[in-house]
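Residues per chain, in single letters:
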Amino acid sequence: MILGHGDDIYRYDDLVKINFSSNVYQHTDLTALKEHLMSHFGIIGNYPEPYPATLEKLIALKEHISPECVMVTNGATEAIYLIAQLFRGSASIIPQPTFNEYADACRIHKHVISYETDDDIVQLPRDRVYWICNPNNPSGNVLMKGFMDYLVRRSPRYIFVVDQSYETYTKEPLLKSSEMADITNLLILHSLSKSYSVPGLRLGYVTGHPSTIQLLRSQRYPWSVSALSIEAGKYLIKNEVKPVADLDAYLEETERLRSNLKNIPCLRVFETKTNYMLCELESAIAADLKHYLIHEHGILIRDCSNFYGLSKHFFRVSTQLPSENDILVEAIKKYLEKAG
């Protein structure tokens, strides 16, 4: 795992007042969940299930699939490393820019990595693992569901890992586990941490064909998911907690934020289908902007210079409250005016 992921608020003590660096909504009402966990806090005195089968059954009901098609993990990130371990030594295709953990996990497990250039594709072995983040992080773009379905079904000799961690933050149609459970060469990653705005709990799951999930289960460690995380997952799924009460309104606010950022001179803002967006400074440095925003305004953004293929001028922000979004826009304006 590399340093420099988003939501590195732990580095700044109490300086950060508004967090735009994580791709989750920071204002989800978690009061009921916290009360539930406090009333069940005694479970930390015992070991959790070695493998969280109870939670897997609940997820299977929600997804309309068999429990044999689900494996719960310590965040989607654990699933990424277990998949890389399962296919150790394979050739992995990782279109860029995207989430860095795919490449990090593949390096640890001795994969031959391609960033999908023409020269690489020609030279790689025919047996490959394709890693596709959809919606993509950090760009926020989404590949069409029909294209993804066609791509997976027409290439049965390839393994496809489709990371849908941000599926609850887009209105675009995505692959459904219930429609793809018969496909042996597909694994879909899901993040309860992001779907319910609880990244600190580290809770995710993988769906796929029973035979593929069985192979993946052979790689995992016992007790990788804590008792509190399992209990939280059960509560969130049973009560159908939503990270954002009105997704349509939230995405409209995302477009308003994007429009206001686009109006700032010397700043390019890319299109997005989610609640976060990629921005490029014309000449200023993202790390310098991040330092200024933290120390002068208490604002945290994501410096994207450590994404493969992105320069030191790129950063990412996620939509928060309208008033907070306006503060961000004005703060960036002030910095760029000051920087000349």
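Because the structure is a prediction, the values reported are computed rather than measured. Numbers given for residues are sequential positions, taken from 1 along each chain in its written order. With pLDDT at 70 or above as the cut-off, local features in this predicted model cover only qualifying residues; side-chain atom pairs require 80 or more to be listed or tallied, and sums for whole chains, interfaces and linings still use all residues. Processing note: side-chain calculations cover all non-hydrogen atoms of the structure and skip hydrogens and water entirely.

The criterion for a disulfide is a pair of cysteine sulfur atoms lying within 2.5 Å. This model, assessed by the stated rule, comprises zero disulfides. Cysteine 133 provides the cysteine sulfur closest to cysteine 106, a residue in no disulfide bond, and the two sulfurs are 14 Å apart. To sort residues, take the accessible area from a 1.4 Å probe on protein chains only and compare it with the maximum for the residue type: under 20% means buried, over 50% means exposed, and anything in between is partly exposed. We classify cysteine 106 as buried; its relative accessible area is 0%. Between cysteine 133, a free cysteine, and cysteine 304, which holds the nearest cysteine sulfur, the sulfur-to-sulfur gap is 13 Å.

Computed over the protein atoms alone on a 1 Å grid, cavities are sets of points where a 1.4 Å probe fits but cannot get out and pockets are open sets with protein on both sides within 12 Å along at least five of seven lines; a residue lines them when it has an atom within 4 Å of a point. Grid points are joined across faces, edges and corners, and a volume is the space filled by probe spheres set on the points. Approximately 830 Å³ is the volume attributed to the largest pocket. By definition, any uninterrupted DSSP run of H or I lasting at least four residues is a helix, any uninterrupted run of E lasting at least two residues is a strand, and each is numbered from the N terminus. Of all the secondary structure elements, the ones that give two or more residues to the lining of the largest pocket are helix H2 (53-63), helix H7 (177-180) and helix H8 (192-195). Here the lining of the largest pocket is composed, by residue class, of 11 nonpolar, eight polar and eight charged. Under the convention adopted here, Pro, Cys and the residues Ala, Val, Leu, Ile, Met, Phe, Trp and Tyr are nonpolar, Asp, Glu, Lys and Arg are charged, and Gly plus all remaining residues are polar.

A side-chain nitrogen of Lys or Arg and a carboxyl oxygen of Asp or Glu constitute a salt bridge if their distance falls within 4 Å. In total, this model carries 15 salt bridges according to the counting rule given. Ionic pairing is found between arginine 153 and aspartate 182, a salt bridge with its closest N-O pair at 3.8 Å. On the criterion of sequence distance, the pair formed by arginine 153 in helix H6 (residues 145-153) and aspartate 182 in the loop between H7 and strand E7 (186-191) is long-range, its members being 29 residues apart. The class of arginine 153 is partly exposed, set by a relative accessible area of 37%.

Attention shifts here to empty space enclosed by the protein. Within this structure, the stated rule accounts for one cavity of 30 Å³ or more. Roughly 40 Å³ of internal volume is contained in the largest cavity. Looking at the largest cavity, the residues that line it are Ile65, Cys69, Ser177, Met180, Ala181, Leu186, Ile188, Thr207 and Gly208. Of all the secondary-structure elements, those providing two or more residues to the lining of the largest cavity are H7, E7 and strand E8 (204-208). Its residues placed into classes, the lining of the largest cavity shows six nonpolar, three polar and no charged.

By the criterion of burial, strand E5 (residues 128-133) is predominantly enclosed, with six of the six residues buried. Burial of the side chains of E5 extends over both faces: Arg128, Tyr130 and Ile132 are buried on one face and Val129, Trp131 and Cys133 on the other. Any two strands with at least two DSSP-identified bridges between them are counted as paired. Alignment of strand E3 (residues 91-93) against E5, held across three bridges, turns out to be parallel. Bridge pairing links alanine 91 to arginine 128 in E5. For E5 and strand E6 (residues 159-163), the ladder comprises five bridges, and the chain directions are parallel. Bridge pairing in E6 places isoleucine 132 opposite valine 162. Note that the unit made of E5, H6 and E6 has a crossover that is right-handed. Throughout, right-handed denotes a crossover for which the path from the first strand over the helix to the second runs clockwise when the strands point away from the viewer.

Before going further, it helps to examine the sheet that holds E3. Strand order in the open sheet made by the seven strands is E2-E8-E7-E6-E5-E3-E4, with mixed pairing throughout. A strand with exactly one partner marks an edge of an open sheet, and here the two such strands are strand E2 (70-73) and strand E4 (112-114). Across the sheet, the axes of successive neighbouring strands diverge by a mean angle of 20°, strand direction being ignored. Bridging between E2 and E8 involves four bridges; their strand directions are antiparallel. Its bridge partner being in E8, threonine 73 is matched across the sheet by glycine 204. We call two residues contacting when some pair of their heavy atoms lies within 4.5 Å. Angular values range over 0 to 180 degrees, each being the angle between N-to-C directions of two axes fitted as lines to C-alpha atoms, with helices fitted over their stretch in contact. Along the sheet face, helix H3 (residues 75-86) touches E2, E5, E6, E7 and E8 and points at about 155° away from the line of E7.

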